[in-house]
Amino acid sequence: MTDSPRDSARGERFWDGYFRSLKPLEVEEPIDVWVHRPPAYVLARLLVPVKPISPNVVTLCSIALGCGAGVAIFSGWRWHLPLAGFLIFSSAVFDCADGQLARLRKSSSAFGRMLDGMADLVVSSVVVGGGAWLVLRKFQHPTWLFGVALVLTVLTILTGSFHTTMYDHFKNVFLRMTHPSYREGEDLDDAEARYRGQRGSQSAVIRITWRVYFFYMRSQENYSSKFDPYAKRLLKEFPEFSAQHAAIYRKYAGSAMRTWRRYFGFGSLVFGLAVSIGFDVTEYYLLFRLVLLNAVFYGHLRPAQRLASQRAYEEMGNSG
């Protein structure tokens, strides 16, 4: 049975609109493009005419779903882990939908991006903490085994935070260098100046959001300078967009970005936790991240990113 012309046209319009709602595919995580964002786009399309529901409200829903997943993880209900996995997945869908809704309405804002970053930090803290508890609960005895599990779990959490933080940083760098219309991310001193200008009219919730945002930015700035000393520290120090510079940066950094977006983004982390927690096999997922992903991260991606930055900036400097 073949689709009617109307159905084909409707499907084409849907997918055309969907891909327009995304960031450039060069930096989008495949797990988001094909799993999280399609239902997020449907949700965003439904919410476009519902003006009282802003993208920030959708972000708060993502936080609530993530916290609900944490409650489910620590509860004793029947099927509490499959429920937690579903809530984690739903949180990721809402996390994608807020940005898509903002792009559909053309209403993106600095505070919205800041709140979205806070949502990622809150949800990942709750869900990763819950996953760690599930693992440690399985290895309580003997004591030495618990100690080993605790050390390995903490190492996985720390290095996992490096993965997502550095992906976010180099994604913003890649967008600035290769796409003239994308200027996501900001420098810490610019954010602090924006905070001082708005401080008198801020509610308690907004002040808390700022504190979380500053903590994230300082951590990102400190680690990125160690991860890639050849990259410029401040985003505003990057050269103005030019097609020539974009081609140079893409030539050297494109391969590294493909690795970043496939394995080290927030979407990949959350999807892996949703599945592994839902099936109560979180220890295998954490071991995969600790051993295999860290081997790629430190053994391949860090030297590849450093070399890409060094060569790209050298050639851009020589080209004028």
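Residues numbered from 1 in each chain as written. Predicted model: local features only at pLDDT ≥ 70, side-chain atom pairs only at ≥ 80, totals over all residues. Heavy atoms only, no water.

Asks: Summarise helix H3 (residues 55-74); cite the residues concerned and give the values.
Replies: Under the 1.5 Å per step criterion, the end-to-end length of H3 is 29 Å for 20 residues, consistent within 8% with the ideal 28 Å. Listed as buried for H3 are Pro 55, Val 58, Thr 59, Ser 62, Ile 63, Gly 66, Ala 69, Gly 70, Ala 72 and Ile 73. Buried residues in H3 make contact with helix H2 (30-47), helix H4 (80-105), helix H5 (110-138) and helix H10 (266-278). (Helix = DSSP H or I, 4+ residues; strand = E, 2+ residues; numbered from the N terminus. Expected span 1.5 Å × (residues − 1). Buried < 20%, exposed > 50% of the residue type's maximum accessible area, 1.4 Å probe, protein only. Contact = heavy atoms within 4.5 Å.)

Asks: Talk me through the packing of helix H6 (residues 143-178) against helix H8 (residues 204-227); I want residue IDs and the actual numbers.
Replies: The contact between H6 and H8 brings their axes to 10 Å, and the two run at 85°. Put simply, H6 runs roughly perpendicular to H8. On H8, the residues touching Phe 162, Thr 165, Met 166, Asp 168, His 169 and Phe 170 of H6 are Tyr 216, Gln 220, Tyr 223, Ser 224 and Phe 227. (Axes fitted to C-alpha atoms, helices over the stretch in contact; angles between N-to-C directions. Parallel < 35°, antiparallel > 145°, perpendicular 65-115°, else oblique.)

Asks: An account of the confidence of the model for the chain is requested, with residue identities and associated values reported.
Replies: With 92% of its residues at a pLDDT of at least 70, the chain reaches an overall mean of 87. Least confident of the elements in the chain is helix H1 (residues 5-20), whose mean pLDDT is 64; most confident is H10, at 96. Contacts of residues 1-9 to residues separated by more than four positions or lying in other chains number one contact, the stretch itself having pLDDT below 50. (pLDDT = per-residue confidence, 0-100.)

Asks: Go over helix H7 (residues 188-198), please, and point to the residues and values.
Replies: If you check which residues of H7 are buried, you get Leu 188, Ala 191, Arg 194 and Tyr 195. The buried residues of H7 occupy an angular sector of 125° when the element is viewed end-on, so they sit on one face. On its buried face, H7 sits against H5 and H8. (Arc of directions from axis to C-beta.)

Asks: I'd like a description of the packing of aromatic side chains, backed by residues and values.
Replies: Scanning the entire structure with this criterion turns up 23 aromatic pairs. Geometrically, the ring pair formed by Tyr 18 and Phe 19 is edge-to-face, given 5.1 Å between the ring centres and 65° between the ring planes. The buried category is assigned to Tyr 18, whose relative accessible area is 0%. Residue Phe 19 is classed as partly exposed on the basis of its relative accessible area of 34%. (Phe/Tyr/Trp six-rings, centres within 6.5 Å; stacked < 30°, edge-to-face > 60°.)

Asks: Could you give an account of unusual backbone geometry, with specific residues and numbers?
Replies: For the bond running from His 141 to Pro 142, omega is -5°, close enough to zero to count as cis. As for its placement among the helices and strands, Pro 142 is situated in the loop between H5 and H6. The phi angle at Trp 79 is positive, at roughly 65°, despite the residue not being glycine. Given the relative accessible area of 59%, Trp 79 is considered exposed. For Asp 280, which is not glycine, the phi dihedral falls at a positive 55°. One can find Asp 280 in the loop between H10 and helix H11 (282-319).

Asks: I'd like to hear about the environment of Tyr 298, residue by residue, with values.
Replies: With respect to the element layout, Tyr 298 can be found in helix H11. Given a relative accessible area of 27%, Tyr 298 falls into the partly exposed group. Along the sequence, Tyr 298 and Phe 227 sit 71 residues apart, while their C-alpha atoms lie 9.3 Å from each other. Tyr 298 has contacts with Thr 159, Phe 162, Tyr 223 and Pro 303, leaving out every residue within four places of it along the chain. A distance of 3.2 Å separates the side chain of Tyr 298 from the side chain of Tyr 223, its partner in a polar contact. (Polar contact = N/O pair within 3.5 Å; in protein donor to acceptor, adjacent residues only side chain to side chain.)

Asks: Help me get a handle on the nonpolar core, residues and values and all.
Replies: Tyr 249, Trp 260 and Phe 297 are the most contacted members of the largest nonpolar core, which has 27 residues in total. Breaking this core down by element, the ones donating at least two residues are H6, H8, helix H9 (243-263) and H11. With residues up to four places along the chain from it excluded, the contact list for Phe 297 reads Phe 162, His 163, Met 166, Tyr 223, Phe 227, Trp 260, Phe 264 and Arg 302. Formed by 19 residues, the second largest nonpolar core is a distinct cluster that contains Leu 81, Ala 84, Phe 266 and Tyr 285. (Core = buried A, V, L, I, M, F, W, Y, C linked by side-chain atoms within 4.5 Å.)

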